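So the chains spell out like this:
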Amino acid sequence: MQHRVKDMDRWLGDGGMPLLAEVGVGFEDYGVDGEDLGWAEARWTPTALACNPHGIVQAGVHGLVLDAAMNFAINAALPGRDRTRGTLEMKVETMRPAARDQLYRVRGEVVRMARQVCYAEASVHDGEGRIVSRATGTFMLHREPTPAEA
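*Asks:* I keep staring at the pairing of strand β5 (residues 117-125) and nothing clicks. Help me out?
*Replies:* Regular strands place side chains that alternate from one sheet face to the opposite one. Here strand β4 (residues 104-113) runs beside β5; their pairing, made up of eight bridges, is antiparallel. By the bridge assignment for β5, Arg107 is matched with Ser123. Linking β4 back to β5 in an antiparallel pair, the connection comprises three residues. As judged from the nine bridges shared by β5 and strand β6 (residues 131-142), these two strands associate in the antiparallel manner. In the sheet register, Ala120 faces β6, and the bridge partner there is Gly137. From the end of β5 to the start of β6, which pair antiparallel, there are five residues, and Gly129 there has a positive phi angle of about 85°.

Written out as structure tokens, the structure reads:
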């Protein structure tokens, strides 16, 4: 059974980053799986801003979208005011071209969460379910002090 640890509904849509909306991304859902690991899902219809003059999405834009999906998934699983602080490392692979005005699905998932860092992955799939791009990343976490630590 999936449940939400944190109410992040205000971040649905552009995830709080207008640049994501400008390249055509809209987050639609998020949650936590049975192991308290977060996930996030988005739809992506690349805009002209995301593409080269031939209508193909630039690889750096894939990185932007995948990084955002991983961050959203991590934040979905963190309690209270805990949050991601920054991306420490990320690897992006583009396997198929993504084209302007085509619909893609994006999913980010937490792989492992520790006290100070988190490991996540994300992927983009086309309308036929084929993988278009994917990423793995390591993220620094900000944790609020517990009462015992304060």
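*Asks:* Explanation requested: the side chain of Asn75 in the structure shown.
*Replies:* Within the secondary structure, Asn75 sits in helix α2 (residues 59-77). The residues touching Asn75, leaving out its near neighbours within four places in the chain, are Lys6, Met8, Asp82, Arg83 and Thr84.

*Asks:* What exactly am I supposed to notice about the nonpolar core here?
*Replies:* Most often, soluble globular proteins have nonpolar side chains that are buried together. If you look at the biggest cluster of nonpolar residues, it comprises 36 residues, and the most contacted ones within it are Val25, Phe27, Trp44 and Ile74. The set of elements that each furnish at least two residues to this core consists of β1 (25-32), β2 (38-44), α2, β4, β5 and β6.

*Asks:* I keep staring at unusual backbone geometry and nothing clicks. Help me out?
*Replies:* Note: most residues except glycine have negative phi, and most peptide bonds are trans. Although it is not a glycine, Asp101 sits at a positive phi angle of roughly 70°. Inspection of the secondary structure assignment puts Asp101 in the loop between β3 (83-94) and β4. Take Asp101: its relative accessible area is 52%, and that puts it in the exposed class.

*Asks:* For this particular structure, what's the right way to read the pairing of β4?
*Replies:* Here β2 runs beside β4; their pairing, made up of six bridges, is antiparallel. Within β4, the residue paired with Ala40 across the bridge is Gly108.

*Asks:* What is the right way to read α2 from this model?
*Replies:* What sets the pattern is the α-helix's 3.6 residues per turn: residues three or four places apart point alike. Its 19 residues give α2 an end-to-end C-alpha distance of 28 Å, which sits within 8% of 27 Å, the value for a rise of 1.5 Å per residue. With 15 of 19 residues buried, α2 lies mostly within the body of the structure.

The rules we used
Residues numbered from 1 in each chain as written. Predicted model: local features only at pLDDT ≥ 70, side-chain atom pairs only at ≥ 80, totals over all residues. Heavy atoms only, no water. Pairing = 2+ DSSP bridges. Helix = DSSP H or I, 4+ residues; strand = E, 2+ residues; numbered from the N terminus. Contact = heavy atoms within 4.5 Å. Core = buried A, V, L, I, M, F, W, Y, C linked by side-chain atoms within 4.5 Å. Buried < 20%, exposed > 50% of the residue type's maximum accessible area, 1.4 Å probe, protein only. Expected span 1.5 Å × (residues − 1).

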